[in-house]
Amino acid sequence: MKKILIINGPNLNLLGKREELIYGKATLEDIKNNCEKYSSKLKLKIDFFQFNNEGEIIDKIQEVEKKYDGLIINPAAYTHSSIAILDSLRAIKKPKIEIHLSNIYSREDYRKKSITSEGVDGLICGFGENSYILGIEAIHKLIYN
Ligand code: DQA
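What you are looking at is a predicted structure, and each value in this text was computed from that prediction instead of being measured.

Draft legend 1. Structural view of the packing of aromatic side chains. This structure, assessed with the given rule, holds two aromatic pairs. A centroid spacing of 6.4 Å and a plane angle of 35° characterise the contact between Phe48 and Tyr132, whose relative ring orientation is tilted. Of this pair, Phe48 sits in strand S2 (residues 44–50) while Tyr132 sits in helix H6 (residues 130–144), and the two are 84 residues apart along the sequence. Each member of the pair, Phe48 as well as Tyr132, is classed as buried. Aromatic pair Phe49 and Phe51: ring centres 5.9 Å apart, planes at 10°, arrangement stacked. In this structure Phe51 comes out as buried when scored by relative accessible area, which is 14%. Here the basic side chain of Lys60 rests over the ring of Phe49, its NZ or CZ set 4.2 Å away from the ring centre.

Draft legend 2. Examining a negative patch on the surface more closely. A contiguous patch of negative charge on the surface is contributed by Glu29, Asp30, Glu36 and Glu129. Examined against the element boundaries, Glu36 turns out to sit in helix H2 (residues 28–41). Overall, the relative accessible area of 35% leaves Glu36 in the partly exposed class.

Draft legend 3. Structural view of the environment of Gly122. Among the secondary structure elements, Gly122 is positioned in strand S5 (residues 122–125). What makes Gly122 partly exposed here is its relative accessible area of 25%. In this structure the C-alpha to C-alpha distance between Gly122 and Ile97, which are 25 residues apart in sequence, comes to 5.1 Å. Contact partners of Gly122, with chain neighbours within four places excluded, come to Lys96, Ile97 and Glu98.

The rules we used
- Residues numbered from 1 in each chain as written.
- Predicted model: local features only at pLDDT ≥ 70, side-chain atom pairs only at ≥ 80, totals over all residues.
- Heavy atoms only, no water.
- Phe/Tyr/Trp six-rings, centres within 6.5 Å; stacked < 30°, edge-to-face > 60°.
- Helix = DSSP H or I, 4+ residues; strand = E, 2+ residues; numbered from the N terminus.
- Buried < 20%, exposed > 50% of the residue type's maximum accessible area, 1.4 Å probe, protein only.
- Lys NZ or Arg CZ within 6 Å of the ring centre and 35° of its normal.
- Patch = residues over 30% accessible without salt bridge, like charges linked within 9 Å, V, L, I, M, F, W, Y side chains within 5 Å.
- Areas by Shrake-Rupley, 256 points an atom, 1.4 Å probe, with all protein chains shown as cover.
- Salt bridge = Lys/Arg side-chain N within 4 Å of Asp/Glu carboxyl O.
- Lys, Arg positive; Asp, Glu negative; His and termini not counted.
- Charge placed at Lys NZ, Arg CZ, Asp CG, Glu CD.
- Contact = heavy atoms within 4.5 Å.

Encoded structure:
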């Protein structure tokens, strides 16, 4: 069975009670459960993590090459600032996708630039919690097509 790593960045532990109009009512636990259900249908195993610190995100990304077949990452606010996360993504040869709940291109100007997406194969944003499901679908296609 292929193994996928899903990483969530800062403040995503607050989903469900954080800016509900933008991010929806689902908690990160709800999203994790839905991801597990969906990925098992596709015969993918997932490991799902959330970190508030940049260094912990980078440490986890560095495990991908050895331990996983693909990466899905929502870097949250680090999307718009972290060259360190971009560099760690660039070091990975496995399929990798960036996702966002919100459409970052329809929001504030400072969210319209994704630095980290320069290091991934593709970007999915704006579908709420379904961005995660579409991310799983996309990584499955990258692995098998
Ligand atoms: C986000 C978008 C980011 O701009 C923001 O900082 C987040 C969440 C999203 O999933 O829509 O924390 O990554």
